Structures are given as structure tokens and as C-alpha cells.
Amino acid sequence: MHHQGHDLTQSYIQAALYLGVFALLGAGFFARYIGPEVARAQAWRLWYLLSLGFLLALGATVYGSYHAVWMLGDPSLLLEYWTETSQGNLLAARAVLMLALLGLSLGWARFDRWLWPPLALALLLSLALNSHAGTKGPAIYLTDLVHLAFGAAWAGSVLALALTWPRTRFEAVRVALERLSKLGLISVVGVGLAGVVLAVVQLGGWDNLFGSRYGRTLLLKLGAVAAVLAVAAVNRRWLMPRVRQKAVRGLGTVSLEALLLVLVLALSGLLASTEPPTPAPHRLSLEGNTGAQRYSGQLYAEAGQVQLQLELRDLRGQPLNPAPAIPLRLVKDGEAVEQTLQPLQRAQYRTTIQVPPGTYEVTLALPEETLEYTLVVPAR
Ligand code: HEM
């Protein structure tokens, strides 16, 4: 397991970015597709959400760039970073996209209908390319894009409705709620399926769900998602019918759902800035010096077995003489398999051990130093 240092500033930047982008796109999506009438009635409130989202996301992007060059050691390189590195280009492009989306919502362009959706998707793509998914090839960052698109349309619209329902005409709110409820059902499936794929790819194995910091952060996020789904179910089963019969005063539970979604976004920021567990290898080459000896060889796992080849020499390159017996130990889930390797000829060792699949801690007790490795034995 690799526990890498965790940069909390990075988590705050990511959380602000997600919240900002979801607010910017959510307000836009809501005004266009979910509750145009509510949006007209509460134009100012939606405008607050839109501009606040824009400022948060822009601030996170600019500060994120600054943080990156600062980590590189020279904040004065900011301009070069934006113009000359691909990472910087991406952040600059993102800032331009956000400006264009803000402009569209101000009514700057006539072709809003055709411009808004692709620009919104491009903005989300800029997030996906910059995430852990961005390093795993097109299929995975497109999955991330699906996760983000459903998430932003739905969760963003919930944020928008939560801010605009008070003092809005009942009928307009009802129409918006009906649409949001349909969108929610589809989105939960889309977000969930894409999320599971991302989780499987990033975790690489069950063990890592509980056994890595990334896995535990994901569990925390899933806890918050479960709370959102519980409230969403209340909205569907309890609130919807009462809204249809005009038997409720307000949409308090929608506001609660929005608050919980803010928590999910904050935890997504934490997740996106936590290093995913690096899978242990199937094959390791062993090479090094321990005091007056040199060892070389390889440790190799395939379905159901581990193979070891090893050679010990002295510093002049001669096979070690006399050659020692070497204890080998494989441990998985507290259960150990042990073997003492005897030299075959002239300090060469070779062994094959049958073991069930899983992740093993392998120790080799050389005379002057004990070597430790983590090895994955694949299933058949
Ligand atoms: C309310 C529902 C959800 C929302 C609003 C949400 C939001 C997000 C956001 C904003 C990101 C960042 C994407 C990026 O940087 O490109 C993300 C990433 C991710 N989400 Fe979700 N998510 C939700 C549900 C889920 C569920 C149900 C799962 C798993 C079953 C999941 C698993 C993941 C994973 C594995 C990542 C990748 C993080 C990384 O880059 O390392 N999410 N999510």
C-alpha cells in the first residue's frame, strides 16, 4: 500500500472547483430545461448562483495554477505555465469556457440553444482530463465525463431549485419538480454506473476499498451519496404527491438534498486529490547490494503460484561461497507460507510455490539484510 503525502490545499481547490462548476452549469441547465418559469420569476437568485459558481470555479482554477507553479518553486512562471505547458493550456481553456458560459447566460449570444450544451460538455471534459481518470485512456475519461454530466445536470438543478423555490408560484415549482424528479431517476443510474466503473478502475481490487486511504475516502463519499438518495426517495414518495395535491407549504426536503449534495461534492474534491492505490506488480526484478554481497534475480507470480530465481555473488562478481540457506516467507491475510531455499549450485536458488490468488507480503532473509516486497498473485 502506498500512502502518499496528502495536500489539503489541493482538496480545497478541487472541492471549490466542483461546487463552482456544478453551480454554474446547474443554474444554466435549470433555467433552460428544468424550470424556465421559476428561473424567470427568481432571475436574481439564479443569477447569484450563476455568478457565485463562476467566481468559485474561476478562483479555484487560477489559484490551482498558482499553487502548481508555487509547488514547482517559482510563482513568477504563472504566465509561461498557462501558455507553454499542456496542463496550463487546459486550465486556461477551462477559464475561457467558463467565461463563455457565463456570457451565454447573460444573453450575449443568439445561438444559445446550440452553443450551451457543447460548451458545458467541454467544460466538464476539461475536469475529466485533469482527474485521475484522465491518465487512464479515453474510455475511462469518457466514463468520467458521463459521471460528471449526469451529476452536474441533476445535482446542479437540485441546487438551483433549492435556491429558487421560496416565494415562487406553486404551479411553476410543481412543473420544475416533476421534471427534476424524472431527470433524477435517470441520473442516479448514470452517475452510479459510471461511478462504479471509475471506482473499480481506480481501486484495482476489493482489498483497496478498506485497505487504502483512497478506498476509505470513497466509502465516506458513498455514505454521503446514500444520504442524498434517502432524501431523494423522500422527495419522490412523500413530497411529490403532496405537491400535486397542494398539500405542502415548501420544498424544505429539496433544500436538505441540496445541502447533502454540497457535502458529496466536497468529498469528491477530497477523493480527486487523494492518490489512488498503485497496484502491486506481478513481476519484480531483484537487484542490489547488501554489505559485501550482490543479489540479482526475479520474483514472478502467475495464476496460483509464485516463482523465485535468485543468485548471490560477492563484490568481485564470484558466486558466494559457501552459499547460505535463505528463508523465504509469503504472508497473505495473516497466513504465512514458509520455505528455506537451499542453493542449487554455486549460490543459485530457484523455487516455485503454489499459493491461492491474492496480495502477498514476501520476505527474503538474506544473510545481511531482509528484503521485503509486495506481490500480486492473479486468479486463474
Ligand atoms: C450524488 C452523486 C455523485 C456526485 C454528485 C458525484 C460527483 C463527482 C465529481 C464532481 C467527481 C470528480 C470528477 C472529476 O474530477 O473528473 C467524481 C469523481 C468520482 N466519483 Fe462521484 N459522484 C457521485 C456519485 C458517485 C458514486 C455513486 C460513485 C461510486 C460508486 C462515485 C465514484 C467516483 C469516483 C471513483 C470518482 C473518481 C475520483 C478520482 O478522480 O479519483 N461517485 N464524482
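Predicted model only: the values in this text are computed from it and were never measured.

**Some points on the sheet that holds strand E6 (residues 348-354)**
- Here 4 strands make up an open sheet; going across it, the order is E1-E2-E3-E6 and the pairing antiparallel. Edge strands, defined here as strands with exactly one partner in the open sheet, are strand E1 (283-290) and E6. Taking each pair of neighbouring strands and ignoring which way they run, the sheet shows an average axis angle of 10 degrees.
- Bridge analysis of E1 against strand E2 (residues 293-302) gives 8 bridges, and the strand direction is antiparallel. Each bridged residue has a counterpart across the sheet, and for Asn 289 the counterpart in E2 is Arg 294.

**What about the site of the ligand?**
- Taken together, 26 residues are adjacent to the ligand, and Tyr 18, His 132, Asp 144, His 147 and Lys 221 come closest.
- Take Tyr 18: an N or O atom from its side chain is 2.4 Å from an oxygen atom of the ligand.
- With respect to the ligand, the side chain of His 147 contributes an N or O atom lying 2.8 Å from a nitrogen atom.
- Within the residue set of the shell around the ligand, elements represented by two or more residues are helix H1 (8-34), helix H6 (112-129), helix H7 (138-164), helix H8 (170-203), helix H10 (213-244) and helix H11 (252-272).
- The greatest single-element share of the shell around the ligand, amounting to 6 residues, is contributed by H11.
- Its residues placed into classes, the shell around the ligand shows 19 nonpolar, 5 polar and 2 charged.

**Examining the domain arrangement of the chain**
- In terms of domains, the chain is made up of domain 1 (8-272) and domain 2 (283-377).
- Distance between the C-alpha centres of domain 1 and domain 2: 50 Å.

Basis of the calculations
- Counting from 1, residues in each chain are numbered in the order their sequence is written.
- Residues qualify for local features only when their pLDDT is at least 70, as the model is predicted, and side-chain atom pairs are given and counted only at 80 or more; totals for whole chains, interfaces and linings, by contrast, use all residues.
- To obtain the side-chain values, all non-hydrogen atoms of the structure were included, while hydrogens and water were left out.
- By definition, two strands form a pair when at least two bridges between them are found by DSSP.
- Numbered from the N terminus, helices here are DSSP runs of H or I no shorter than four residues, and strands are runs of E no shorter than two.
- Fitting a line to C-alpha atoms yields each axis, with helices limited to the stretch in contact; the angle taken between N-to-C directions then spans 0 to 180 degrees.
- Near is defined per residue: the residue qualifies when any heavy atom it owns lies within 4 Å of the molecule or strand.
- Within 3.5 Å is the distance limit for a polar contact, defined as a pair of N or O atoms, with the added protein rule that one can donate a hydrogen and the other accept it, and that residues adjacent in sequence qualify only through two side-chain atoms.
- In this classification, the charged set is Asp, Glu, Lys and Arg, the nonpolar set is Ala, Val, Leu, Ile, Met, Phe, Trp, Tyr, Cys and Pro, and all remaining amino acids, among them Gly, are polar.
- Domain borders in the structure are assigned automatically or taken from a domain database.

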